[in-house]
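Single-letter residue listing:
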Amino acid sequence: MTQTPRDPRDQQPGPETSPYDETRSYDLGPQPAWTPGDETAAQAPVPPAPAAAPTAPPARGRKGFAAAVVAASLVVGGAAGFGGAAAWSALDDDPASSGNDPAVTTSQVVDTPEGELEPGSVQDVAETVLPSVVRIDVRSGQGGGSGSGIVLSSDGQILTNEHVIAAAGEGADITVSFDDGSRASATVLGSDPLTDTAVIQAEGVEGLTPATIGKSEDLRVGQAVVAIGSPFGLDATVTSGIVSALDRPVGVASDASGDATIYPAIQTDAAINPGNSGGPLVDTFGNVVGINSSIRTSGSTSGAGGSIGLGFSIPIDEVLPIVEQMAAGEEPTHARLGISVSDAGITEGQSGADAVIGALVREVGEDSTAGAAGLETGDVVVRVDDTMITGSDSLVATIRSYRPGDTVTLTFVRDGEERSVELELDTDATS
C-alpha cells in the first residue's frame, strides 16, 4: 500500500527504520518496500551479537611493564590481604593495639543471611526462567552472530527471532547452548519474516525445562517485567524494568518482495541489547509475555547502538498460533484486509481539529474482504474493534494481531461521516 507523507508530530516511533519515512508503502497482504527516512534516530531489530574477537597478545614496552606491575600488585595484594587478616585478628583480640582506646571498633565480616526468595522478586523470576533460556550461535561462510531463544518443549523445540537464524544466510550452522553448559546443533523447523519469529529443533536433547507461556493481553502499563538473554554473547543476563507502553506499532524491516515486519509491540525500559533477540520478556510470575526483538537507537546506523531504555517485544498472544504452525511444520498464515493504505493526517487547508487521523485507503484489492464490505478509495480507517488506528503502521499491526477468519468491526470516515462495518478477515494462505 502506497504511503503518502505524514506529519512526524502525529506519529509514534516504530523500530528498524524511522516511523517518519515518507516513501514506505504497505499492503495488508503483501507489503511494499520500506525505505528509512529518519536521519536522527533509528529503530532496528536487535542484531545478533558479533562473535568475540581473539585476545590480543600482551603488549611490550611500557604497557608490558604496566601489565607486569599489575600482576605483581595482585601478588602483593594477596600477601597484603593475608597480612591484613592477621592484623584484623590481632586488633580484634587486643584492644590495646588500637591505641589503648576500647571505644574503637572495626568492621565485621559476616555471611549473607539465607532465606526464602520473595515471590515475584527479580531473583525469584530469574531462578524460575533461566533454565528455559538458551543462547543461539549462528555461523556460516557469510559471517555469524549470536542471539537468544526460549525452550518450548523438553525435547528441544526452541522459539527465537527470524532475524537471529537468518543472520548468517542459507546453510548456516546453528548451535544452542543450554543453562547447564551443554550444547547441541539445531535445525530450522519454520520461520516467519512477517512476525520475525522462528522455531528451531535442538538435536539429541531431552529433559529440558519448557518455559511457561503467559498472556500478553493481561499486561498493564507500569507493570514490572524481566528480560533474559545473551546480550553481546553474555549468557544468562537478567535485566528488569517496566512495561512502558502497549500496542506500539513497530515496523522493523521489509524483504525483497516488499513484505514488511510490523507488530503491536510491548515497549519496555528493561535493558535489551544486540544478542537479546529471541529471548523472553516475562512477568513477575515468570511467564513469557513477549519475545525481545528490537530497540530504538540514538543514531541513524541500524543496530550500532545499545540500550537507551527503549526496547520492544513481540506480544506472545499475537504470534502463538503462528509459532504452533511452525512447530508442526506448517506454513504460517496471516490475516489481511486486502487494501493499500497510507497515513491520513493534516493536509493543506485543514486545521488540526478538522483532520481525520487514521489509515487512508489508497486502493481496494479485487475480491478482497474489505471491498466486499463496501470500503472505497479515500475512506479513512480510524478504529478496528476498540483499537484506535493512528496510521498505516497501526492498521497493519492491528490486523496482524488477528487470525484469518476472525470477525472484526471496522470504523472508517467517508465524506466527514463516521461509519462502521463488520467483516471477516481474509488470509494470505497460498492454497
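The preceding data block contains the structure.
Report on the accompanying structure. (Residues numbered from 1 in each chain as written. Predicted model: local features only at pLDDT ≥ 70, side-chain atom pairs only at ≥ 80, totals over all residues. Heavy atoms only, no water.)

### Let's talk about the overall build of the protein
Along the backbone of the protein there are six helices and 22 strands. Residue burial in the protein is summarised as follows: out of 431 residues, 46% are buried. Relative to all contacts within the protein whose residues are 6 or more apart in sequence, the contacts with residues 24 or more apart total 63%. Accessible surface for the protein amounts to roughly 20500 Å². Of this, 51% is attributable to carbon and sulfur atoms. (Helix = DSSP H or I, 4+ residues; strand = E, 2+ residues; numbered from the N terminus. Buried < 20%, exposed > 50% of the residue type's maximum accessible area, 1.4 Å probe, protein only. Contact = heavy atoms within 4.5 Å. Areas by Shrake-Rupley, 256 points an atom, 1.4 Å probe, with all protein chains shown as cover.)

### Let's talk about the nonpolar core
Considering soluble globular proteins, one finds that nonpolar side chains tend to be buried as a cluster. The biggest cluster of nonpolar side chains holds 25 residues, and the ones touching the most others in it are Leu 159, Tyr 263 and Ile 291. Elements that contribute at least two residues to this core include exactly helix H2 (122-129), strand S9 (224-229), strand S10 (237-254), strand S11 (260-268), strand S13 (288-297), strand S14 (311-315) and helix H4 (316-327). When residues in this core are grouped by element, the largest group, five residues, is from H4. Ranked by size, the runner-up nonpolar core spans 20 residues in total, among them Ala 335, Leu 337, Val 408 and Leu 423. (Core = buried A, V, L, I, M, F, W, Y, C linked by side-chain atoms within 4.5 Å.)

### Notes on the sheet that holds strand S5 (residues 157-160)
Strand order in the closed barrel made by the six strands is S3-S4-S5-S8-S7-S6, with antiparallel pairing throughout. Strand-to-strand twist of the sheet, defined as the mean angle between neighbouring strand axes without regard to direction, takes the value 40°. As paired strands, S5 and strand S8 (residues 197-202) are joined by four bridges and run antiparallel to one another. The partner of Ile 158 across the bridge, within S8, is Ile 200. Where H4 meets the sheet, it contacts S5, strand S7 (183-192) and S8, and its direction lies at approximately 45° from that of S8. (Pairing = 2+ DSSP bridges. Axes fitted to C-alpha atoms, helices over the stretch in contact; angles between N-to-C directions.)

### As for the layout of surface pockets
In this structure, the largest pocket encloses a volume near 500 Å³. Taken together, 22 residues form the lining of the largest pocket, with Asp 247, Pro 264, Glu 318, Thr 387 and Ser 401 sitting closest to its centre. Sorting the residues of the lining of the largest pocket by element identifies S10, S11, H4, strand S19 (387-388) and helix H6 (392-400) as the ones contributing at least two each. Counting residues per element, the lining of the largest pocket draws most heavily on S10, which supplies five residues. (1 Å grid on protein atoms, 1.4 Å probe; cavity = no way out; pocket = protein on both sides within 12 Å on 5 of 7 lines; lining within 4 Å. Points joined across faces, edges and corners; volume = space filled by probe spheres on them.)

### Details of the pairing of S9
When a strand is regular, its side chains alternate between the sheet's two faces. Of all the six residues making up S9, five are buried; the element is thus mostly covered by neighbouring parts of the structure. By the bridge criterion, two bridges tie S9 to strand S12 (residues 280-282) in an arrangement that is antiparallel. The residue bridging Val 226 from the neighbouring strand is Val 282, located in S12.

### Examining H4
When H4 is considered as a whole, its buried residues turn out to be Ile 316, Glu 318, Val 319, Ile 322, Val 323, Gln 325 and Met 326. Those residues of H4 that are buried are in contact with S5, S7, S8, S11, S13 and S14. With its phi angle positive at about 80°, Gly 329 sits one or two positions after the end of H4.

### Comments concerning the side chain of Asp 343
By the secondary structure assignment, Asp 343 is in strand S16 (residues 339-344). By relative accessible area, Asp 343 is classed as buried at 5%. Among the polar contacts listed, one links the side chain of Asp 343 to the backbone nitrogen of Ser 392, at a separation of 2.6 Å. (Polar contact = N/O pair within 3.5 Å; in protein donor to acceptor, adjacent residues only side chain to side chain.)

### What about the pairing of S7?
Pairing analysis gives four bridges linking strand S6 (residues 173-177) to S7, with the strands arranged antiparallel. The partner of Ile 174 across the bridge, within S7, is Ala 186. In textbook terms, the turn of a hairpin is the stretch between consecutive antiparallel strands, and for S6 and S7 this stretch comprises five residues, one of which, Gly 181, has a positive phi near 95°. In terms of strand pairing, S7 meets S8 through six bridges, oriented antiparallel. Bridge pairing in S8 links Gly 190 to Val 199.

### Re the side chain of His 334
Looking at the element boundaries, His 334 is found in the loop between H4 and strand S15 (335-336). Judged by its relative accessible area of 6%, His 334 is buried. Of note is the side chain of His 334, whose polar atom sits 2.8 Å from the side chain of Asp 192. With residues near it in sequence (within four places) discarded, His 334 still touches Asp 192, Leu 194, Thr 195, Ile 322, Arg 403, Pro 404, Asp 426, Thr 427 and Asp 428.

On their own, these measurements won't tell you what the molecule is for.
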